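What the coordinates show
So you can see what is in the structure, the chains are spelled out below.
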Amino acid sequence: MSQTISLALDGLTCGHCVKRVKEALEQRSDVKQADVTQQEAQIVSDADAAELIATVEAAGYQATLKADDSYPKAEPLTATEPTPKALTTESFSQPAEKVLPAHFLLIDGMSCASCVSRVEKALQQVKGVSQARVNLGERSALVLGNVEPQQLVAAVDAAGYGAQVIEDEQERREKQQNSARKAMRRFSWQAALALLFGVPLMIWGMAGDMMLSASNHSTWRVLGIITLLVMVISGNHFYRSAWRSLLNGAATMDTLVALGTAAAWIYSFSVVLWPDFFPLQARHLYFEASVMIIGLINLGHALEQRARQRSSKALERLLDLTPAQARVMTEEGESLLPVSAVQSGMTLRLVTGDRVPVDGEIQDGEAWLDEAMLTGEAVPQGKSTGDKIYAGTLVQDGAVRFIASATGNHTALSRIIHLVRQAQSSKPDVGRLADRISAVFVPVVVAIAVISGLIWYLFGPQPQIAYTLVIATTVLIIACPCALGLATPMSIIAGVGRAAELGVLVRDADALQRASKVDTLVFDKTGTLTAGRPQVTDVIAWGDADRHTILQAAAALEQSASHPLAKAIVAEAGEAKRPDVEQFRTIRGKGISGILNDKWLLLGNVALMRDHHIECHSAQADIDRLTQQGATPVLLAQDGKLAGLIALRDTLRDSSRDALQRLHQSGYRLIMLTGDHEKTARAIAAEAGIDEVIAGVLPEGKADAIAHLQQQGRVVAMIGDGINDAPALAQADVGIAMGGGSDVAVETAAITLMRADLNSVADALALSSATLRNIRQNLFGAFIYNSIGIPVAAGVLYPLTGMLLSPIVAGAAMALSSITVVSNANRLLRYRPPRQQ
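Before going into details, it helps to say that this report is about the structure given with it. (Residues numbered from 1 in each chain as written. Predicted model: local features only at pLDDT ≥ 70, side-chain atom pairs only at ≥ 80, totals over all residues. Heavy atoms only, no water.)

1. Concerning the overall build of the protein
Counting secondary structure elements, the protein contains 28 helices and 28 strands. Out of the 837 residues in the protein, the part that is buried amounts to 54%. Sequence separation of at least 24 residues holds for 70% of the intrachain contacts in the protein that already meet a minimum separation of 6. Just so you have it, the protein exposes about 36600 Å², and 55% of that area is on carbon and sulfur atoms. (Helix = DSSP H or I, 4+ residues; strand = E, 2+ residues; numbered from the N terminus. Buried < 20%, exposed > 50% of the residue type's maximum accessible area, 1.4 Å probe, protein only. Contact = heavy atoms within 4.5 Å. Areas by Shrake-Rupley, 256 points an atom, 1.4 Å probe, with all protein chains shown as cover.)

Below you can see the structure in the form of structure tokens.
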């Protein structure tokens, strides 16, 4: 028997999360209906609550059975709700509601994808954790959930790694940079030490085949001990990490390196101590291999560390926008304080050349500010008393005093940095494939090494024991999954960082993957394709009147009105002082009237003119023409005669036509989805170059229209800006919110554009494709490297060529694969989206 089950949900952060949970539940045959929000799910089902909770968890989220349904549930958005305040930069100045606390951890000791999998698992098992994202590229973790930071540190420690929680972004940056510099210096000198000893030893050994230990045992004993010391000094981190992993019942890349180099040294030193125990042909020494492998891998780590630092530059440039100090005004005068000491309510001063330290509101003064880092607008914005200013923007001219309103992690810039950081820590589905493989990769490699060595020992040529050692060591070394673990996170870090530089905020990496598959773009009209406000496009005068006279008379009538059409007319007429209108009247649904300079004026639609018996026949052709173009004609009559016509229309944004043409050239199908009249919508669509128009649609109908397109097999991106677009943004495969849109639209969308420019849509889609292409290149390279490298290391080519892969070459190839992956990802930092042909 069906019952209604209420589940409390955790970990859902956007409309796409809601969609994913809803689809997962509705795919069950025993679920008849599922209503899902970010906080809860109401399910009509025959299934047990435990089964439904398991379904939600399988979709990647947390769920618990609600014990009490008495508290009010969130009501759906209706068309009668007031539109929230505009986004621009201000919506980023306050923390989003109902967002889970985020903890940022720096992780020590991770070396490969297997480490990532182990740390993620440890963090996710902590009670209260909703989501844990571990990033090998930055050696960090982002944890969402209501949990004490020390619990997270303890969980990571128990898994065999080190962790420290960093809440302050500036502190995180400093510690991460210091850690990276120390790591690069350590890897560099360790590599230098190993190679300075290993290269001469290898050359000496190769000259005259000196590595066959038939004599000079005392010399080799000394060299063996020196080799061991070099291994311990240069590679101690490999052995410590491998030992910790062993104690925790795990295996990592360091395990492979430690096993391979230790096995080579132990075998070699055994030959030196007990040469008679080994056949003459098997008395080969591999001291140089042990130190050369450690030296080459350390060199690879040093170069990789250097390349990784470049990939974080996009985010670091955002952090650099905040000045270190601020001019604070007190009763004693002006003083310089560290930005971290600035508190809300303090009065601060800015002069030309300063960067704004915190968000605030201007108290007095005027200035021109460059806000390109937040809005993408290259033209400086004039600011005066009462205007908002934002941290990181640059004062190009002028001086102001302002009151601090948001500091620290609550500024607009900090919100943007948090969004970018969160996206850089996420993984697309294609990246999770690599994680699943990496989780079992190391044990499989060890098994392959053992089996390969056993085959060579049983069936290989003499000396079998020497061949067995070479084969097992080479397989262990070349199979290190470091490149596999770096393939996805390095591309995501670079791609999301570059997107932020282009004014595109990506909520998570899944959005990039979905955006790369989009073939249909659906645009809202008002505020997306158009500027979102009516403007005067035509003024026609009859008789003795002229354009100026018509506009001034209409503006005088409309100067006290708040209607958008009235504001557009007043704005077009300019700021000239106008006389007051006498006997002003509002005629509901038709227009207004009044006496101006002893002349009786009427301003309104055709119905108003007809009610007052004013002849409009001469204007009918112009009225019809302008209406066909999607404009609203407003007629002005003076003393009973038609004097002029003002046409108003919500015009296309300046960039819309070029951006849409650019999207057309990229092969996307373009559709307009609007609640406006079809005639108006088609006029705008024809001007913009839109392929298809769906007009007269209510908000809930917009989501249905998106679903209909998806049923036709299309992958749909919805671009909108208003509260009425939120259902469609959630339904679409990718929701893109325009800068200047409502908070609801931004919270629902997977991608947010920082400026109201459709070229940003084209940039976002082009960059998503480039990022996914980069990830695939990295994964392909890593998979191919291991797919070819392991069999070659195991000796499959020996019957054909008589040659085996040297462990030294294997170590160099392994290091080179990681450097190649990181370098390929860093190409995204220089990515420039293609412009219109």
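Text resumes after the structure shown.
2. Remarks on the packing of aromatic side chains
Using the criterion set out here, one finds four aromatic pairs in the structure. Ring plane angle 75 degrees and centroid distance 5.1 Å describe the contact between tryptophan 456 and tyrosine 798, whose orientation is recorded as edge-to-face. Remark: tyrosine 798 occurs in helix H27 (residues 798-801) and tryptophan 456 occurs in helix H12 (residues 429-459); sequence separation between them is 342 residues. Judged by relative accessible area, tyrosine 798 falls into the partly exposed class, the value being 22%. Over the ring of phenylalanine 187 we find arginine 186; its NZ or CZ atom is 4.7 Å from the centre of that ring. (Phe/Tyr/Trp six-rings, centres within 6.5 Å; stacked < 30°, edge-to-face > 60°. Lys NZ or Arg CZ within 6 Å of the ring centre and 35° of its normal.)

3. Section: the packing of helix H13 (residues 464-478) against helix H26 (residues 759-794)
Contact pair H13 / H26: the axes reach a minimum separation of 8 Å and the direction vectors enclose 170 degrees. When the interaxial angle is binned, H13 and H26 end up roughly antiparallel. Two secondary-structure elements touch here, H13 through Ile471, Thr474, Val475 and Ile478 and H26 through Tyr785, Asn786, Gly789, Ile790, Ala793 and Ala794. Residue composition of the contact of H13 with H26, by class: seven nonpolar, three polar and no charged. (Axes fitted to C-alpha atoms, helices over the stretch in contact; angles between N-to-C directions. Parallel < 35°, antiparallel > 145°, perpendicular 65-115°, else oblique. Nonpolar A, V, L, I, M, F, W, Y, C, P; charged D, E, K, R; others polar.)

4. Concerning the pairing of strand S1 (residues 3-10)
On a regular strand, each side chain points to the face opposite its neighbour's, so the side chains alternate between the two faces of the sheet. As judged from the six bridges shared by S1 and strand S3 (residues 40-45), these two strands associate in the antiparallel manner. When the sheet's bridge partners are listed, leucine 7 is paired in S3 with alanine 41. Here four bridges tie S1 to strand S4 (residues 62-65), and the two strands are oriented antiparallel to one another. Paired with aspartate 10 across the two strands is glutamine 62, which belongs to S4. (Pairing = 2+ DSSP bridges.)

5. Section: the sheet that holds S3
The strand order S2-S3-S1-S4 describes an open sheet built from four strands, whose pairing is antiparallel. Either end of the sheet is taken by a strand with one partner, and the two such strands are strand S2 (31-36) and S4. Ignoring which end each strand starts from, the neighbouring axes of this sheet average 30 degrees apart. In the packing of helix H2 (residues 49-58) onto the sheet, contacts are made with S1, S2, S3 and S4, and the angle to S4 comes to roughly 165 degrees.

6. Details of the environment of lysine 590
You can see lysine 590 is positioned in the loop between strand S19 (582-587) and strand S20 (591-596). C-alpha of lysine 590 to C-alpha of aspartate 611: the two residues are 21 residues apart in sequence and 9.7 Å apart in space. With residues near it in sequence (within four places) discarded, lysine 590 still touches Leu603, Gly604, Asn605, Ala607, Leu608 and Asp611. For lysine 590, the side chain forms a polar contact with the side chain of aspartate 611, separated by 2.4 Å. (Polar contact = N/O pair within 3.5 Å; in protein donor to acceptor, adjacent residues only side chain to side chain.)

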